[in-house]
Amino acid sequence: MEKRKDVIRQAMAEFLDIPKDLVLDLPKVTVVGRNELYIENHRGIIEYNLNRLRVNLSRGFLEIEGSGLEIRALMADEMKVTGEVTAIRYLD
């Protein structure tokens, strides 16, 4: 049933030309070089240390690996991370 709702929402977003991240509650990740990362539409932090950050998403989670990772800004649904990013993975 949930998949059917997603298909309808996606079709509606395409028809009305609305960004899918708003309608489908998808994460939006913006990477600036290797040292800065913006994450929007997250659901909280699962794990955090200087080498790994795991962020909960509406479906699955996002894993960021690197060195000297630091959360510079944290709001209800977005965050800014700095440090040397070596890997970004989406996991279910």
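Notes on the structure follow. (Residues numbered from 1 in each chain as written. Predicted model: local features only at pLDDT ≥ 70, side-chain atom pairs only at ≥ 80, totals over all residues. Heavy atoms only, no water.)

**Brief notes about the sheet that holds strand β6 (residues 78–91)**
Quick note on the threshold: Any two strands are treated as partners once DSSP identifies two or more bridges connecting them. Only DSSP runs of H or I with at least four residues qualify as helices, and only runs of E with at least two residues qualify as strands; both kinds are numbered from the N terminus onward. The axes are straight lines fitted to the C-alpha atoms, using for helices just the contacting stretch, and the angles between their N-to-C directions are given from 0 to 180°.
On the basis of which strands lie adjacent, the open sheet formed by six strands has the order β1-β2-β6-β5-β4-β3 and antiparallel pairing. Edge strands, defined here as strands with exactly one partner in the open sheet, are β1 (28–32) and β3 (45–48). Each strand axis lies, on average, 40° off the axis of its neighbour in the sheet, ignoring direction. Taken together, the five bridges between strand β4 (residues 52–56) and strand β5 (residues 61–74) define a ladder with antiparallel strand orientation. Counterpart to R54 in the pairing with β5 is E63.

**So, the pairing of β6**
Judged from the five bridges that link them, strand β2 (residues 36–40) and β6 form a sheet pairing that is antiparallel. Residue pairing in the sheet places E36 in a bridge with T82 of β6. As judged from the eleven bridges shared by β5 and β6, these two strands associate in the antiparallel manner. If you follow G66 over to β6, its bridge partner there is V85.

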